[in-house]
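Commentary on secondary and tertiary structure
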Amino acid sequence: MAQALRPNTAGGLFATDGKSHPLQDTLLAVTLVLGITAFVTAMFHHLHLLSSWTGLVGIVTGAYGQWISVTTRERFGLIVGLGAAAVGFFLGMAHGGLFGGL
């Protein structure tokens, strides 16, 4: 039972299997940044181009990250980023869309 008390020092912050996942961690960070950017900029009507494009790219990177993710912690962060990106994307589309309402 002593092995249950040892801390897991190997791997990254989101890796619970003891291995590092640099691609998945990068996609997680990119999705979170794009999702937060899309969500915040969606609150301003004149920033609909930025919110819709960052939301769209955030949805794509988050979906690919979900597809190749390994651990539950990675998937949790990706879902948070995907949700924020989707809200930002949809509000950006409602305020003028990807191409400025052409």
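Residues numbered from 1 in each chain as written. Predicted model: local features only at pLDDT ≥ 70, side-chain atom pairs only at ≥ 80, totals over all residues. Heavy atoms only, no water.

**Thoughts on the overall build of the protein chain**
Which entries qualify depends on this criterion: Starting at the N terminus, helices and strands are each numbered in turn, a helix being any DSSP run of H or I of at least four residues and a strand any DSSP run of E of at least two. Partly exposed describes any residue whose relative accessible area lies between the buried limit of under 20% and the exposed limit of over 50%, with all areas from a 1.4 Å probe on protein chains only and scaled to the type maximum. Computed with a 1.4 Å probe, the accessible areas rest on the Shrake-Rupley method; for each residue, only the protein chains presented here act as cover.
Looking only at helices and strands, the protein chain has three helices and zero strands in total. Ordered by position from the N terminus, the helices and strands of the protein chain form the series α-α-α. The buried share among the 102 residues of the protein chain stands at 34%. As displayed, the protein chain has an accessible area near 6,300 Å², and 74% of this comes from carbon and sulfur atoms.

**Some details on the environment of Arg73**
Secondary-structure assignment places Arg73 in helix α3 (residues 72-95). Residues Arg73 and Thr16 lie 57 residues apart in sequence; the distance between their C-alpha atoms is 7.6 Å.

**Thoughts on the packing of helix α1 (residues 22-41) against helix α2 (residues 48-68)**
The condition that has to hold: To get an axis, a line is fitted to the C-alpha atoms, and for a helix only the part in contact is used. The angle between two axes follows their N-to-C directions and goes from 0 to 180 degrees. Orientation is classified from the angle alone, with under 35 degrees giving roughly parallel, over 145 giving roughly antiparallel, 65 to 115 giving roughly perpendicular, and any other angle giving oblique. What makes a crossing left-handed is the near helix being turned counterclockwise from the far one by less than a right angle; a clockwise turn instead makes it right-handed. Note on contacts: a residue pair qualifies if any of its non-hydrogen atoms lie within 4.5 Å across the two residues. For this classification, Asp, Glu, Lys and Arg are treated as charged, while Ala, Val, Leu, Ile, Met, Phe, Trp, Tyr, Cys and Pro are nonpolar and the rest, including Gly, are polar.
Look at α1 against α2: their axes get within 8 Å of each other, and the N-to-C directions meet at 155°. By the angle between their axes, α1 is roughly antiparallel relative to α2. Where α1 crosses over α2, the handedness of that crossing is left-handed. Contacts from Leu23, Gln24, Leu27, Val30, Thr31, Leu34, Thr37, Ala38 and Thr41 in α1 reach Leu50, Ser51, Thr54, Gly55, Val57, Gly58, Thr61, Gly62, Tyr64, Gly65 and Ile68 in α2. In terms of residue class, the contact of α1 with α2 is built from nine nonpolar, 11 polar and no charged.

**A short note on a nonpolar patch on the surface**
What counts here: Each patch groups residues whose relative accessible area exceeds 30% and which form no salt bridge, using 9 Å between like charges and 5 Å between nonpolar side chains of Val, Leu, Ile, Met, Phe, Trp and Tyr. When a carboxyl oxygen of Asp or Glu lies within 4 Å of a side-chain nitrogen of Lys or Arg, that pair is called a salt bridge.
The grouping of Ile36, Phe39, Val40, Met43, Phe44, Val87 and Leu91 at the surface amounts to a nonpolar patch, some 600 Å² of accessible area in total. Those elements that provide at least two residues to the nonpolar patch are α1 and α3. For the nonpolar patch, the element with the highest residue contribution is α1, accounting for three residues. Structurally, Phe44 is set in the loop between α1 and α2.

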